[in-house]
Amino acid sequence: MIRVESLNNKFGHITTANDVSCHFEEKKVTVLLGGSGSGKSTLLKQMVGLGRPDSGSIMFDGRDITKLARKELYELRKKMGMLFQGSALFNSLNIYENIAFPLREHTNLSDSVIKTIIKIKLEMVGLRGVENMMPSQLSGGMTKRVGLARAIVLDPKVVFYDEPTSGLDPIASGVIDKLIVDLNKKLGVTSIVVSHDIDSAFRIADKLIILFYGNLIAEGTPEEIKNSPDPKVRQFITGSPDGPIPFTLTDKDFIEDILID
Amino acid sequence: MEAIAALGRGTLGTVQILGRSALFILYVLYSAFIPPYRFSKVIKEIEFIGAKSFLIILVTSLFTGMVLALQGYYTLSKFGAEGVLGSAVALSIIRELGPVLCALMVTGRAGSAITAEIGIMKITDQVPALEMMAVEPIKFIISPKVIAALISLPILTAFFDLVGIFGGFLVGVLMLGVNEGSFFGEMIRATEFADIYGGLIKSLAFGFLISWIACFIGYNAKATTEGVSSATTNAVVVTSLSILVIDYVITSVLL
Ligand SMILES: Nc1ncnc2c1ncn2[C@@H]1O[C@H](COP(=O)(O)OP(=O)(O)OP(=O)(O)O)[C@@H](O)[C@H]1O
Ligand SMILES: [Mg+2]
């Protein structure tokens, strides 16, 4: 469904993608794992045409997202939903209007139908009853779930989730994990999930991709990743501070760095 | 050599920004004419830019008119010409102070807020979210603001003129004892349609300028908190200076 080919991207001296190639299959849940700042959100945005990479291509159903004109992108995006890392709710609109927004823009549904749809979507994320509140009145985890409700309100074929469970308690995380899996299993929604929650990733993924500072270090099923002999992958899934992956960005020796400055 | 190169770079940079901002505003205006029309957004923006500025304009205009009458009376009485005070106050306000002060006050109150609002929408991914929902952000966020400013500024300016003249009347006639008949008589005799028309042209130009600069700077702010705060300051400075320069240009063309 989506094929990323030799993608390169840099912001100044920060590399967010270094010759990354990977494949996101149709009707599967693919989880993109990686450390903080490793370029996951950037990759996710580039996959939907929000920002263009320096080079490489992103094929979506055979068309290169990085080369599409705005009109064609907008057409494609009507079939996509995206949960942004910071939820990206419109702070001038209340929760009801936030979720109703895509419906009002792209459908001719009557107010009563819209109302019903919103009730259903809010129930799916466990938040019925907050319709009249403003985004600033909700907690981080709650806005995340409202963002999710908005992302799926048009019943998209492909949903991009940027850290859907960060900031949620274990029960709410479990509910969202189940929601992602249900949408995928029951409605065949192709799901691309950015996460750094290893446990949740193994629970929901059909396939995992591990990104580290712009480099793709592993790609495979949860089984394959679990049994991977690669020390980088092992370090990542066990969360060990010692290993081939450095914790800091610079190669400079810490003691030297402190003493010399 | 270095200095000349730097100057060249600076000039090129400025020309580039001017070019980009021109393309930006053309696109904003073009989008405004393409359906779907966002009337309710325009009304909301008129409320923000226009209606919410009324109080601040009321105070500014009242005191401007009052101080004009005070100063004018002092000067005119030296020539024994207190009788023309009414026309002096009215002409200064309608031709010059109304449009300019009104625009400067709106810049401080609404222009800065527009830049900050758009900048914050960028930081919090609301702009990409619109694009993701296949809604053109410029058409959705910016065009209504520019239209609203074009509608609001002339109305605010007319209100400024009215209250300012009333302030002049308060001080000139009620306090300093200028004859009421000559105050208004001179005013009506001296004020021509061209004066009012000139004031209207200015207020339209300033409304355009305020929304253009505030939106352009906000939309191009770096998506960081420092980026937005410096964009807000820049917007106010650039808009205020532009208003004064454009005011001179329009005045010299119209005279
Ligand atoms: N628009 C931008 N301009 C400049 N640098 C950027 C931009 N967007 C992201 N970056 C930088 O790119 C790097 C990767 O950012 P990104 O948000 O993709 O990371 P991430 O993997 O999503 O991290 P996290 O897990 O913390 O969300 C970061 O160092 C960030 O500072
Ligand atoms: Mg991220």
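In what follows, the structure referred to is the one given above.
Residues numbered from 1 in each chain as written. Chains lettered and ligands numbered in written order. Predicted model: local features only at pLDDT ≥ 70, side-chain atom pairs only at ≥ 80, totals over all residues. Heavy atoms only, no water.

Looking at the interface of chain B and chain A
The cut-off we apply is this: Contact criterion: two residues are considered in contact whenever any of their non-hydrogen atoms come within 4.5 Å of each other. Throughout this description, the term salt bridge denotes a Lys or Arg side-chain nitrogen within 4 Å of a carboxyl oxygen of Asp or Glu. Each polar contact in these results corresponds to two N or O atoms within 3.5 Å; when the atoms are within protein, one needs to be able to donate a hydrogen and the other to accept it, and residues that are neighboring in sequence are counted only if both atoms are side-chain atoms. Secondary structure follows DSSP: runs of H or I at least 4 residues long count as helices, runs of E at least 2 residues long count as strands, and numbering of each begins at the N terminus. Nonpolar residues are Ala, Val, Leu, Ile, Met, Phe, Trp, Tyr, Cys and Pro. Charged residues are Asp, Glu, Lys and Arg, and all others, Gly as well, are polar.
With 19 residues of chain B at the interface, the matching set in chain A holds 21 residues. For the interface between chain B and chain A, the tally reads three salt bridges. Summed over the shared surface of chain B and chain A, the result is seven residue pairs in polar contact (both at pLDDT 80 or more). Among the elements of the structure, α4 (85–123), α5 (126–132) and α6 (137–175) of chain B are those that each provide at least two residues to the side of chain B that touches chain A. Residue contributions to the side of chain B that touches chain A peak at six residues, all from α5 of chain B. Each residue belonging to the side of chain B that touches chain A can be placed in one class, and the counts come to twelve nonpolar, two polar and five charged.

Points about the sheet that holds strand β3 (residues 29–34) of chain A
All names here are of chain A. We apply this condition: Two strands qualify as a pair provided that DSSP identifies no fewer than 2 bridges between them. Between N-to-C directions, angles cover 0 to 180 degrees, with each direction set by a line fitted to C-alpha atoms, over the stretch in contact for helices.
Within the open sheet, the six strands sit side by side as β6-β7-β8-β3-β9-β10. Their pairing is mixed. Bordering the open sheet on either side are β6 (80–83) and β10 (215–220), each of which pairs with just one other strand. Ignoring which end each strand starts from, the neighbouring axes of this sheet average 15 degrees apart. Two strands pair when backbone bridges link them, and β3 and strand β9 (residues 207–212) are joined in this way by five bridges, in the parallel orientation. Within β9, the position partnered with Gly34 by the bridge is Leu211. Sheet contacts for helix α6 (residues 170–187): β3, β7 (158–162) and β8 (190–195); angle to β8, the most-contacted strand, approximately 160 degrees.

Regarding the coordination of the magnesium ion (ligand 2)
Residue and element names in this part refer to chain A. Quick note on the threshold: Coordinating donors are taken as N, O and S atoms within 2.8 Å of the metal, stretched to 3.2 Å for Na, K and Ca; because water is absent from the atoms, sites can appear incomplete. For each residue, the accessible area found with a 1.4 Å probe, counting protein chains only, is set against the maximum for its type, and the residue is called buried under 20%, exposed over 50%, and partly exposed in between.
Protein ligation of the magnesium ion (ligand 2) involves Ser41 (OG) and Gln85 (OE1), the donor distances falling in the range 1.9 to 2.1 Å. Taken together, the residues Ser41 in helix α1 (residues 40–47) and Gln85 in the loop between β6 and α3 (95–106) connect sequence positions 44 residues apart. Residue class for Gln85 comes out partly exposed when judged on its relative accessible area of 38%.

Here's the deal with the site of ligand 1
All names here are of chain A. Filter applied, for reference: If even one non-hydrogen atom of a residue comes within 4 Å of a molecule or strand, that residue is called near it. With residues, only the protein chains shown are counted as cover, and all accessible areas are computed by Shrake-Rupley using a 1.4 Å probe.
The immediate surroundings of ligand 1 are formed by 14 residues, with Ser36, Lys40, Ser41, Thr42 and Gln85 found nearest. A distance of 3.0 Å separates an oxygen atom of ligand 1 from a polar backbone atom of Gly39. Gln85 is positioned such that a nitrogen or oxygen atom in its side chain is 2.7 Å from an oxygen atom of ligand 1. The protein chains hide 60% of the 630 Å² of surface that ligand 1 would expose on its own.

Brief notes about the state of the cysteines
Residues and elements named next belong to chain B. Put simply, the rule is: Note that a disulfide, as used here, is simply two cysteine sulfur atoms within 2.5 Å.
Following the criterion strictly, the structure yields zero disulfides over all chains and no others. With no disulfide of its own, Cys102 lies 18 Å from the sulfur of Cys215, the closest cysteine sulfur. Judged by relative accessible area, which is 0%, Cys102 ranks as buried.

Notes on the packing of aromatic side chains
For any two aromatic rings, the description comes down to two numbers: the centre-to-centre distance and the angle of the planes. In plain terms, the rule: Paired rings are identified among Phe, Tyr and Trp, the last through its six-membered ring, by centres lying within 6.5 Å, and are further divided according to the angle between planes into stacked (under 30 degrees), edge-to-face (over 60) and tilted (the rest).
Counted according to the given criterion, the structure contains 15 aromatic pairs over all chains. With 6.1 Å between their ring centres and 80 degrees between their planes, Phe212 of chain A and Phe236 of chain A make a pair best called edge-to-face. With Phe212 of chain A in strand β9 and Phe236 of chain A in helix α9 (residues 231–238), the pair connects residues that are 24 residues apart, well separated along the chain. Exposure class is identical for Phe212 of chain A and Phe236 of chain A. Each is buried. Between Phe169 of chain B and Phe184 of chain B, the aromatic rings sit 5.4 Å apart at their centres with planes inclined by 35 degrees, giving tilted as the arrangement. Here Phe169 of chain B is found in helix α6, whereas its partner Phe184 of chain B is found in helix α7 (residues 180–190), with 15 residues between them in sequence. A relative accessible area of 14% means that Phe169 of chain B is categorised as buried.

Some remarks on the nonpolar core
Within soluble globular proteins, side chains that are nonpolar generally end up buried alongside one another. Where we set the bar: Definition of nonpolar core: a set of buried residues of the types Ala, Val, Leu, Ile, Met, Phe, Trp, Tyr and Cys, connected through side-chain atoms within 4.5 Å.
Of all hydrophobic cores here, the largest spans 90 residues; its most connected members are Ile2, Phe24, Met47 and Phe160 of chain A together with Ile142 of chain B. Among residues more than four places away in sequence, those in contact with Ile142 of chain B are Phe24, Val28, Ile118, Pro137, Cys215 and Tyr219 of chain B. In this structure, Ile117, Leu122, Leu138 and Ala205 of chain A belong to the second largest nonpolar core, which totals 47 residues.

Considerations on the sheet that holds strand β5 (residues 63–64) of chain A
Residues and elements named next belong to chain A. Read across the open sheet, the four strands follow the order β2-β1-β4-β5; overall the sheet is antiparallel. A single partner strand is all that each edge strand has here, and the edge strands are β2 (14–24) and β5. Looking at chain direction, strand β1 (residues 2–11) and strand β4 (residues 55–60) are connected through five bridges and run antiparallel. Bridging across to β4, Asn8 finds its partner in Ser55.

Some points on the packing of α3 of chain A against helix α4 (residues 111–124) of chain A
All names here are of chain A. The condition that has to hold: When describing relative orientation, an angle under 35 degrees is termed roughly parallel and one over 145 degrees roughly antiparallel, while 65 to 115 degrees is termed roughly perpendicular and anything else oblique. In this scheme, a crossing is called left-handed if the near helix is turned counterclockwise away from the far one by less than a right angle; it is called right-handed if the turn is clockwise.
Contact pair α3 / α4: the axes reach a minimum separation of 10 Å and the direction vectors enclose 120 degrees. Overall, the two elements α3 and α4 adopt an arrangement that is oblique. As for how α3 packs across α4, the hand of that crossing is right-handed. For the pair α3 and α4, contact is made by Tyr96, Ile99, Ala100, Leu103 and Arg104 and by Asp111, Ile114, Lys115, Ile117, Ile118 and Leu122, respectively. Its residues placed into classes, the contact of α3 with α4 shows eight nonpolar, no polar and three charged.

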